[in-house]
Amino acid sequence: MSVQQKKMLVFLSVVVFLGIMISSFFSKEKPASSQGEKQDPSSESVQQEKEESTEGNKNPYDQTQRNTNEDLQSTKEIAKEFVKAFASFNAKNPSEHIEKAKPYMSEDMYENYKEQKERGTLTYDKVVPKNLETTEVSNDNTDVIQWNVIMQGEVYDVDGNSEQEEDWYLVTLEKQEAGYKVVGVRVNVPN
């Protein structure tokens, strides 16, 4: 094959490649517009209803839009009280904090934590919560209410030395027969 034929083959390959790229770009644009024309009227109305429902509920992650103020206030207080009890750890009685938090927990969660005996580490022997703040959480699950509880407290080592600590608790609450109960907690989870 001569050099001129090779150049012509490369040129044709480039032209074919560009043609394919351009046609695929336009074919992606075309089905989206033609799809709207081919939809039957019933699917159009369903799509319209979905758009209207998302317009009415502008942010699906805003739990304040789908829960009553009473539920939000009560769950916020439950979350704070739960963290106050749950975060207060004492290595001399490692299950004490679980028992303190029991009134705020679902039965399943309590049974799960009761089986997991916790013990102190070399870095802490006791945790004493001092200040609790609650912040809102982006939550798209309509079955639960979540709160981020920031616990600032004192952490004591085995020698009795203390230092300040801040932990973030993501508390998940669910309505049960006895009212709202904590069904999950995650500590210091990155976003």
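As the structure is a computational prediction, the values presented were derived from the model and not from experiment.

Conventions used here
Counting from 1, residues in each chain are numbered in the order their sequence is written. Reporting in this predicted model follows two pLDDT cut-offs: at least 70 for local features of residues, and 80 or more for side-chain atom pairs to be given and counted; totals over whole chains, interfaces and linings ignore these cut-offs and use all residues. Only heavy atoms go into the side-chain values, all of them from the structure, while hydrogens and water stay out. Helix numbers and strand numbers start at the N terminus; a helix is a DSSP run of H or I with at least 4 residues, a strand a run of E with at least 2. Relative accessibility decides the category of a residue: with a 1.4 Å probe and only protein chains considered, values under 20% of the type maximum give buried, values over 50% give exposed, and everything between is partly exposed. Note on definitions: a residue-residue contact is assigned when non-hydrogen atoms from the two residues lie within 4.5 Å. Counted as salt bridges are all cases of a side-chain nitrogen of Lys or Arg within 4 Å of a carboxyl oxygen of Asp or Glu. Exposure above 30% relative accessible area and no salt bridge define the residues that can form patches, which grow by joining like charges within 9 Å and nonpolar side chains of Val, Leu, Ile, Met, Phe, Trp and Tyr within 5 Å. Working definition of accessibility: Shrake-Rupley area with a 1.4 Å probe, residue cover restricted to the visible protein chains. Nonpolar cores were defined as sets of buried Ala, Val, Leu, Ile, Met, Phe, Trp, Tyr and Cys residues, with membership established by side-chain atoms within 4.5 Å. Strand pairing follows a simple DSSP-based rule, namely that at least 2 bridges must link the two strands. Axis lines are fitted through C-alpha atoms, for helices just across the contact stretch, and the angle between N-to-C directions can take any value from 0 to 180 degrees. We define a polar contact as two N or O atoms separated by no more than 3.5 Å, with the added condition that, inside protein, one atom must be a possible hydrogen donor and the other a possible acceptor, whereas residues neighbouring each other in sequence contribute only through side-chain atom pairs.

### Some points on the overall build of the chain
Then, in step 1: Helix and strand content of the chain: five helices and four strands.
Then, in step 2: In sequence order, the chain lays out its α and β elements as α-α-α-α-α-β-β-β-β.
Then, in step 3: Each of the 191 residues in the chain was classed as buried or not, and the buried ones make up 27%.
Then, in step 4: By sequence separation, contacts in the chain at least 24 residues apart represent 51% of the contacts at least 6 residues apart.

### Points about the pattern of salt bridges
Then, in step 1: Scanning all chains against the criterion turns up two salt bridges.
Then, in step 2: Between Lys 92 and Asp 125 there is a salt bridge, with its nearest N and O atoms 3.6 Å apart. Here Lys 92, found in the loop between α3 (69–87) and α4 (96–101), pairs with Asp 125, found in the loop between α5 (107–115) and β1 (126–135); they are 33 residues apart in sequence, far enough to count as distant.
Then, in step 3: Exposure remark for Asp 125: the relative accessible area of 14% places this residue in the buried category.
Then, in step 4: Among the ionic pairs, Lys 114 bridges to Glu 111, the shortest N-O distance being 3.6 Å. Separated by three residues within a single helix, Lys 114 and Glu 111 lie in helix α5, roughly one turn from each other.
Then, in step 5: For Glu 111, a relative accessible area of 30% translates into the label partly exposed.

### Examining a nonpolar patch on the surface
Then, in step 1: On the surface, a nonpolar cluster with roughly 710 Å² of combined accessible area is contributed by Val 10, Val 14, Phe 17, Leu 18, Met 21, Ile 22 and Phe 26.
Then, in step 2: The class for Ile 22 is partly exposed, based on a relative accessible area of 49%.

### Things to note about the nonpolar core
Then, in step 1: Residues Phe 82, Val 83, Tyr 169, Val 171, Leu 173 and Val 185 are the most contacted members of the largest nonpolar core, which totals 28 residues.
Then, in step 2: Counting only elements with at least two residues in this core, the list comes to α3, α4, α5, β1, β2 (144–156), β3 (162–176) and β4 (179–187).
Then, in step 3: When near neighbours in sequence (up to four residues on either side) are disregarded, Val 185 contacts Phe 82, Phe 86, Met 109, Tyr 113, Tyr 169, Leu 170 and Val 171.

### Notes on the sheet that holds β3
Then, in step 1: Overall, antiparallel pairing links the four strands, which are arranged β1-β2-β3-β4 in an open sheet. Whereas interior strands pair on both sides, the edge strands pair on one side only; in this sheet they are β1 and β4. Mean inter-strand twist for the sheet, computed between neighbouring axes without regard to direction, equals 35 degrees.
Then, in step 2: Here β3 pairs with β4 via eight bridges, running antiparallel. Within β4, the position partnered with Tyr 169 by the bridge is Val 187.
Then, in step 3: Of the strands in this sheet, β1, β2, β3 and β4 are in contact with α3, which crosses β2 at around 30 degrees.

### A closer look at the pairing of β3
Then, in step 1: Two strands pair when backbone bridges link them, and β2 and β3 are joined in this way by 13 bridges, in the antiparallel orientation. The residue bridging Gly 153 from the neighbouring strand is Glu 165, located in β3.
Then, in step 2: Following β2, the chain reverses through five residues before pairing antiparallel with β3; Gly 160 in that reversal takes a positive phi of roughly 90 degrees.

### A few points about the environment of Ser 88
Then, in step 1: Assignment of secondary structure puts Ser 88 in the loop between α3 and α4.
Then, in step 2: Spatially, the C-alpha atoms of Ser 88 and Val 155 are 9.6 Å apart, while their sequence positions differ by 67 residues.
Then, in step 3: In this structure Ser 88 touches His 97, Lys 100, Val 127 and Pro 129, once residues within four positions along its chain are discounted.
Then, in step 4: In terms of polar contacts, Ser 88 uses its side chain to reach the backbone carbonyl oxygen of Ala 85, at 2.8 Å.

### Observations concerning the side chain of Asn 67
Then, in step 1: Along the chain, Asn 67 turns up in the loop between α2 (41–56) and α3.
Then, in step 2: Judged by relative accessible area, Asn 67 falls into the buried class, the value being 15%.
Then, in step 3: Side-chain polar atoms of Asn 67 contact the backbone oxygen of Gln 63, separated by 2.8 Å.
Then, in step 4: If we ignore the near neighbours within four places in the chain, the residues touching Asn 67 are Leu 72 and Ile 145.

Treat this as a map of the structure, not an account of what it does.
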